[in-house]
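Each chain, written out:
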Amino acid sequence: MRAANASLGSARFDLIIFDNDGVLVDSEPHANLVLAELLTELGVATTYEESVAEFLGTSLPYVRSFAERRLGAPLPEIFERLYHDRLFERLRGRLEAVDGVASALRRIRQPRCVASSGSRERIEFTLREAGLWEEFRHAVFSGDDVPRGKPAPDLFLYAASSMGVPPARCAVIEDSPLGIQAAAAAGMTSFGYAGATAKERLAMASVLFERMEELPFLLR
Ligand SMILES: [Mg+2]
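Residues numbered from 1 in each chain as written. Predicted model: local features only at pLDDT ≥ 70, side-chain atom pairs only at ≥ 80, totals over all residues. Heavy atoms only, no water.

1. Re the pattern of salt bridges
Spelled out, the test is: The term salt bridge refers to a pairing of a side-chain nitrogen on Lys or Arg with a carboxyl oxygen on Asp or Glu at a separation within 4 Å. Secondary structure elements follow DSSP: runs of H or I of four or more residues count as helices, runs of E of two or more count as strands, with numbering from the N terminus. Classification of residues uses two cut-offs on accessible area relative to the type maximum, computed with a 1.4 Å probe and protein chains only: under 20% is buried, over 50% is exposed, and between them is partly exposed.
Taken as a whole and judged by the stated rule, the model has 14 salt bridges. Across the pair Glu68 and Arg64 runs a salt bridge whose closest N-O atoms are separated by 2.7 Å. Separated by four residues within a single helix, Glu68 and Arg64 lie in helix α3 (residues 60-71), roughly one turn from each other. Of the residues examined, Glu68 reaches a relative accessible area of 22% and is grouped as partly exposed. Looking at Arg64, the relative accessible area reads 17%, which means it is buried. What you see here is one network of salt bridges that share partners, running through Asp19, Lys150 and Glu174.

See the structure below:
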C-alpha cells in the first residue's frame, strides 16, 4: 500500500461510492472469459488476457465499438443479449463476493452506494448472488442512468448529487484504470483496489491498497 499523501491525513468522507465488478463482486474473471469466447466466435479473435487488458471497467458500447473497428463490420444486433445471457448463466451459483469485502462493509460507518457501468439488472443479479444486495439495494446507480460511462465523471457525479454529498466529500473505490480516471474527473478521492488488477495500472489512484481488510482504516 502506498501511503496516503499529507492532505489525505485529515480527509473525511461523507459518502463511499463502490464500483461493483471487481470491488464488491468477483465477476471479472467470469466476465472476461465469456467476452473473449463470444468475441472470438463472432470473428474477433480475443484471448482472456486481451479482454482483461482492453475491457476491464469499460461498458458494452465501448466493447462493441472496439470490436467493430477490429472486425471492420458491425457486430450482430444480438451481441449484448448473447453476452448477458451467457454471463448470467455462468455466474449463477458461482459468483462470490470479493475476498474480505463483506467484513470491511460491516466496519465502514459512512453511507455507501454502488455506482457501476453495468446494467441495473446485472448489478442486482450479481449483488444478490454474492450476498451483498441488502447492503446496497437502496443506493444503486447504474450505467443505465447516465449517457456517458466511465472514464466520464457522470455516473459518480450523479450518485453524489442523488445522495446529497459534494464530490469533494466522496471516496470512490475502484479496481479499473477507467474508474480511477472517472473519480479524478469528478473531483473525488479514489482508492485503487489492486487485489486482482496490477498496481501499475492503478498508479493514478489517490490511494492504492491490496487487501479489503485495510479499507475501513483508510476511510477513517
Ligand atoms: Mg470494476
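Once you've had a look at it, read on.
2. A word on helix α9 (residues 177-185)
For the record, the criterion: Whether two residues touch is decided by their heavy atoms; if any such pair falls within 4.5 Å, the residues are in contact.
Those residues of α9 not exposed but buried are Pro177, Leu178, Gly179, Ile180, Ala182 and Ala183. Buried residues along α9 sit against α8 (154-163), β4 (170-174) and β5 (189-193).

3. A word on the domain arrangement of the protein
Definition in use: In this entry, domain limits derive from an automatic or database-based domain assignment. Summed over both partners, the accessible area (1.4 Å probe) lost when two parts come together is defined as the buried area.
Looking at the protein, the domain boundaries give domain 1 (6-27 + 96-218) and domain 2 (28-91). Each of domain 1 and domain 2 was reduced to a C-alpha centroid, and the two centroids are 23 Å apart. Counting residues at the interface gives 16 residues for domain 1 and 16 residues for domain 2. A buried area of about 1,300 Å², summed over both sides, lies between domain 1 and domain 2, and 57% of it is on carbon and sulfur atoms. On inspection of domain 1 and its partner domain 2, the count reaches zero salt bridges.

4. Topic: the coordination of the magnesium ion
Applicable threshold: Because no water is among the atoms considered, metal sites can look incomplete, with donors defined as N, O and S atoms within 2.8 Å of the metal, or 3.2 Å for Na, K and Ca.
Protein coordination at the magnesium ion: the donors are Asp19 (OD), Asp21 (O) and Asp175 (OD), at 2.0 to 2.2 Å from the metal. Mapped onto the sequence, the donors of the magnesium ion take the spacing D-x1-D-x153-D. In this structure Asp19 comes out as buried when scored by relative accessible area, which is 6%. Here Asp21 falls in the buried class, since its relative accessible area comes to 8%.

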